[in-house]
Amino acid sequence: MSDAQPNPESLDAQSILNTALALAQQQGSWYDLNLVDIAVHCDTSISEIYKHFADTNAIADFWFSQALETMLSVDRHVMTSLSAAARLDHIIWSWFEALAPYHAVTSQMLKAKLYPPHIHHWVPMIFDLSRLVQLWLDMAELSAGGRRRQIQEITLTGIFLVTLSAWCRDQSPQQTQAHSKLLRMLEKAEISGQF
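Residues numbered from 1 in each chain as written. Predicted model: local features only at pLDDT ≥ 70, side-chain atom pairs only at ≥ 80, totals over all residues. Heavy atoms only, no water.

Chemist: Sorry if this is basic, but what is going on with the packing of aromatic side chains here?
Modeler: Any two aromatic rings considered together are summarised by their centre-to-centre distance and by the angle between their planes. Counted by the stated rule, this structure contains nine aromatic pairs. When the centroid spacing of 5.1 Å and the interplanar angle of 35 degrees are considered together, the rings of Trp 93 and Phe 96 count as tilted. Within this pair, Trp 93 and its partner Phe 96 are both found in helix H5 (residues 84-99), separated by three residues, close to a single helical turn. Note on accessibility: Trp 93 and Phe 96 belong to one class, buried. When the centroid spacing of 5.8 Å and the interplanar angle of 35 degrees are considered together, the rings of Phe 96 and Phe 160 count as tilted. Of this pair, Phe 96 sits in helix H5 while Phe 160 sits in helix H8 (residues 146-169), and the two are 64 residues apart along the sequence. Judged on exposure class, the residue Phe 96 and its partner Phe 160 are both buried. (Phe/Tyr/Trp six-rings, centres within 6.5 Å; stacked < 30°, edge-to-face > 60°. Helix = DSSP H or I, 4+ residues; strand = E, 2+ residues; numbered from the N terminus. Buried < 20%, exposed > 50% of the residue type's maximum accessible area, 1.4 Å probe, protein only.)

Given below as structure tokens:
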């Protein structure tokens, strides 16, 4: 076992995730990664990996949950003097920044989740996206109700999906092109009175 591999006695979800991300990046493919590969590199059994993750989709979910935790740790005091668009940008982009160290792998994770035969992944993603949008609005202290809130949710969902698509394709350093697109769309929505 090399120094980079986790000690089987201290195998935890984080070390499995780290191994999976590193392997996928080395191989250039999340699609081809499986629990056998991960178990071999962790010098353990599939049953030990399975205690933490049922499959690679569960590992991807754990990776996205860490981005969510990073986003939730955004200091709200930093945003007090910002416009609604700038607050949303700050919050949403922190989520993207948390995923950026494994940009290509993360893009592949998302595509794997959207693979047509994986319909069982689609419904949870829809609910996760809805919760994420609600969270962004709450964190940005946009407390509109009723129809206005619904319009904000629809608008922000569309902005996010366009940004996510651009982010996955963006090869610029730190995905600056996708970030610029996000900010432009948020500012346009704010000018038109949607935020």
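Chemist: Explanation requested: H8 in the structure shown.
Modeler: Because the α-helix completes a turn every 3.6 residues, residues three or four places apart line up on one side. Its 24 residues place the ends of H8 35 Å apart at the C-alpha level, agreeing with the 34 Å of an ideal helix rising 1.5 Å per residue. The complete set of buried residues in H8 reads Arg 149, Gln 152, Thr 155, Leu 156, Ile 159, Phe 160, Thr 163, Leu 164, Ala 166, Trp 167 and Cys 168. (Expected span 1.5 Å × (residues − 1).)

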